[in-house]
Amino acid sequence: MPSQPTRPALAAARSGSPVPATRTGTSRRLLVRGSLAGAAAAVTGAPRTALAHGAARRAAGVTLRWFGANAWELSFDGRTVLIDPWLSRFSTTGPDGRFDPATPLFVDRAAIRRHLRAADLVLVTHGHYDHMGDVPQVLEQFPAARVVATQTHAHLLTAIGAPADRIIWARGGEYLAFGGYTVQVLPSLHSLTADYRYFAPGTLTAPPGRVRTVSDLVEGGTLAYQVTTADGLSVLNIGTANLIERELRGLRPDIAVIAVPYGGATHRYLERLLEALGAPRVVVPTHHDEMDTPLDRPVRADARVLRSFRDAVHRVSPRSTVVEPRYLEAIAL
Ligand SMILES: [Zn+2]
């Protein structure tokens, strides 16, 4: 999976525990900068002064949009960077009600066409289906876009139809200049279950013979990314709940999009992450939703886990504002 291997817990929580989407009305645009008016209900816990932090580095017209899981669109200066753009959102629940690793891969081309408007660059955090499964189709839809991925991801992508010459191989540590913005590629780690494992580990040094089921898309190394605009606004994405603390120390992102932990065996994940980053002006939880909910429905997630996430952020990084995303909603940074 599933970055959060305990998704069955989410399924168990299905009955009436949606994300506390406390905003009312149908506005699809959520302002994070400037006045809290109109966004107060979704921006939880931080005092107004928190929004002044990093004010000098705010840029006009920078927006984030969420497509569930860890699928994000970052738009700025007429450019679009996509992170783990997986929109197919098919169910992986088998007849027994549990996660079925033999679930065939499926690409919802209509959803990708409907929701994605542009792409200059695609950033892949790891090879699992819910992060990388739609990337070939995204590259087909946006012929000028390139993708950053590890060697294993590159082999998997090639096997499922991505053009090899549009894949930028990365190991973590790269600091890439794209004319008008930069991308720091950060070595990272996949989230761990309680028994110190994760779904479909593996590395490849050549394209695999056949990629048919969700288990065929192996993790293949995990990366995190920090994108910095020409105006100096920086957005960090941690797409699965783990980190290499020393790789993040001193980054000081303005916006930190952080995978929500679901238990697991990593010592003080959120605490070490937030301490390493300083006090990001805004913290956005990611990869916390039930992944087969259509994007035109409300987010379904474990409210208890989200509350624990918010509490941890407020405790460790009290100057940060937590913004809970809603599907397709533009968050103005
Ligand atoms: Zn994963």
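This text follows the structure it describes.
Attention here is on the structure that accompanies the text. Computed from a prediction, not measured in an experiment: that's the story for all the values here.

Scanning the protein for helices and strands turns up eight helices and 16 strands. In the protein, which comprises 333 residues, the proportion classed as buried is 49%. Considering only contacts in the protein between residues 6 or more positions apart, those separated by 24 or more positions represent 70%.

Right, let's get into the nonpolar core. Looking at soluble globular proteins, one finds that nonpolar side chains tend to be buried together. Grouped together as the largest cluster of nonpolar side chains are 88 residues, with contacts concentrated most on Val122, Val138, Val147 and Leu157. Apart from residues lying up to four places away in sequence, Leu157 is in contact with Met132, Val135, Pro136, Val147, Ala149, Ala162 and Ile167.

Looking at the secondary structure, you find Asp134 in the loop between helix H3 (129-132) and helix H4 (135-141). The exposure class of Asp134 is buried, given the 30 C-beta atoms found within 10 Å. Here the alpha-carbon distance between Asp134 and Phe106, two residues 28 residues apart in the chain, equals 8.6 Å. If sequence neighbours within four positions are ignored, Asp134 has contacts with Pro85, Trp86, Leu87, Ser88, Val107 and Ile112.

Taken as a whole, helix H7 (residues 269-277) has its buried residues at Tyr269, Leu270, Leu273, Leu274 and Leu277. Relative to the axis of H7, the buried residues are bounded by an arc of 110 degrees and lie together on one face. Check the buried side of H7 and you find it contacts strand E12 (234-238), helix H6 (245-248), strand E13 (255-259) and helix H8 (303-316). Trailing H7 by a residue or two, Gly278 shows a phi angle of about 80 degrees, which is positive.

This paragraph deals with H8. Taking 1.5 Å per residue, 14 residues should reach 20 Å; H8 reaches 20 Å between its end C-alpha atoms and fits that length. Those residues of H8 that sit buried are Val305, Leu306, Phe309, Ala312 and Val313. The buried residues of H8 all sit within an arc of 120 degrees when viewed along its axis, so they share a single face. Exposed residues pointing more than 90 degrees away from the buried face of H8 are listed as Arg304, Arg307 and Arg315. Packed against the buried residues of H8 are H7, strand E14 (282-286) and strand E15 (321-323).

Turning our eyes to something else, we now look at the pairing of strand E3 (residues 63-66). Relative to strand E4 (residues 72-76), E3 runs antiparallel, the two being bridged by four bridges. Its bridge partner being in E4, Thr63 is matched across the sheet by Ser75. The turn linking E3 back onto E4 is made up of five residues, and Gly68 within it adopts a positive phi angle of 80 degrees. With two bridges connecting them, E3 and strand E16 (residues 330-332) associate as antiparallel partners. Bridge pairing in E16 links Leu64 to Ile331.

Rules of the game
Residues numbered from 1 in each chain as written. Predicted model: local features only at pLDDT ≥ 70, side-chain atom pairs only at ≥ 80, totals over all residues. Helix = DSSP H or I, 4+ residues; strand = E, 2+ residues; numbered from the N terminus. Buried ≥ 20, exposed ≤ 12 C-beta atoms within 10 Å, placed from the backbone. Contact = placed C-beta atoms within 7 Å. Core = buried A, V, L, I, M, F, W, Y, C linked by C-beta atoms within 7 Å. Arc of directions from axis to C-beta. Expected span 1.5 Å × (residues − 1). Pairing = 2+ DSSP bridges.

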